[in-house]
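The chain contents come next:
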Amino acid sequence: MLNPLTPVPFREPGSDGSGRHGYPPAPEPLPVPVMDNHTHLDFRSGSLTVDASAALDAAAAVGVQGAVQVGCDLESSRFTVQAVERDSRLLGAVAIHPNDAPEYARKGELEDALSEIETLASHPRIRAIGETGLDFFRTEGEGLAHQRYSFRRHIDIAKRLDLTLQIHDRDAHDDVVQVLKEEGAPSRVVFHCFSGGEDLARICNNEGWYMSFAGTLTFKSARDLRSALAIAEPDRVLVETDAPYLTPHPFRGRPNASYMIPYTVRAMAELTGSELSGLCSGIAANTLRAYGSWV
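Residues numbered from 1 in each chain as written. Predicted model: local features only at pLDDT ≥ 70, side-chain atom pairs only at ≥ 80, totals over all residues. Heavy atoms only, no water.

1. Regarding helix H5 (residues 142-161)
(1) Moving on: Taking 1.5 Å per residue, 20 residues should reach 28 Å; H5 reaches 29 Å between its end C-alpha atoms and fits that length.
(2) Moving on: Taken residue by residue, H5 has Gly143, Gln147, Ser150, Phe151, His154, Ile155, Ile157 and Ala158 as its buried positions. The buried residues of H5 all sit within an arc of 160° when viewed along its axis, so they share a single face.
(3) Moving on: Its buried side turned inward, H5 meets helix H3 (101-106), helix H4 (110-120), strand S4 (126-135), strand S5 (164-170) and helix H6 (173-183).
(4) Moving on: Directly beyond the C-terminal end of H5, a positive phi value near 55° is found at Asp162. (Helix = DSSP H or I, 4+ residues; strand = E, 2+ residues; numbered from the N terminus. Expected span 1.5 Å × (residues − 1). Buried < 20%, exposed > 50% of the residue type's maximum accessible area, 1.4 Å probe, protein only. Arc of directions from axis to C-beta. Contact = heavy atoms within 4.5 Å.)

And the structure:
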């Protein structure tokens, strides 16, 4: 049986059962290893299940030597703690996603959930609180108040535990920045799957916040993202997959995994006119500053 993390050449649907839903081919390895600073190894992509060890093996083969496994609710945050204990190539982040916070609040369980997140975050290989933030695309009305409250609580946890804060920001740039400034941002902030334009990039440059670029950078419609990358301070730039989502062009719509990082990094080098080895070295150094050592 085909391992779902084994990259396979593209085949038309029905030719071998993988079709447009199979994993894309492996890219050429990077000259200097980097890390995927945001992935979800517990999430399924359609009918494909992910074996974490196989995923990390595939990534290592192309120069992606580690990853940050990210929790979005209690179940996935518990998984994250288990995953970082099993494989030293992983660090972890735990949180209640902004779109899940209203549901926990509706059930009267948000306070208990936040308390457990703080307990899980005490594990030495959990290096970030995230993903947390604001999402104005999927949540509205009363749910936004719960999002804001949860976001502020996550900021507090990150500051008290001296952990990096991983931001989920969807259609909420100004409000996310406002909350960070009102609460006082933690010493390390990462805008996961950076989705802003030049204005947000300038704010991140000024505040010393990291901008993490995903496969969305390669989408034809992503002009604002490319403009943001062009002015981002090199020491503020990270790379991620957000796997199994946001697979880079030309494989958009197929499942993503950490081994796909080189496609995005090469696009970043081309867009910025950077020498590939130097860009990889910079991304690796930035990632270590953001999360600490994997060793």
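Okay, back to it.
2. Observations regarding the side chain of Asn37
(1) Moving on: Tracing the backbone through its elements, the reader meets Asn37 in strand S1 (residues 34-39).
(2) Moving on: Taking relative accessible area as the criterion, Asn37 reaches 0% and is therefore assigned buried.
(3) Moving on: A distance of 2.7 Å separates the side chain of Asn37 from the side chain of Ser212, its partner in a polar contact.
(4) Moving on: Within polar-contact distance, the side chain of Asn37 engages the backbone oxygen of Val239 at 2.9 Å.
(5) Moving on: Apart from the residues lying within four places of it in its own chain, the contact partners of Asn37 are Val68, Gln166, Val190, Ser212, Leu238, Val239, Glu240, Thr287 and Tyr291. (Polar contact = N/O pair within 3.5 Å; in protein donor to acceptor, adjacent residues only side chain to side chain.)

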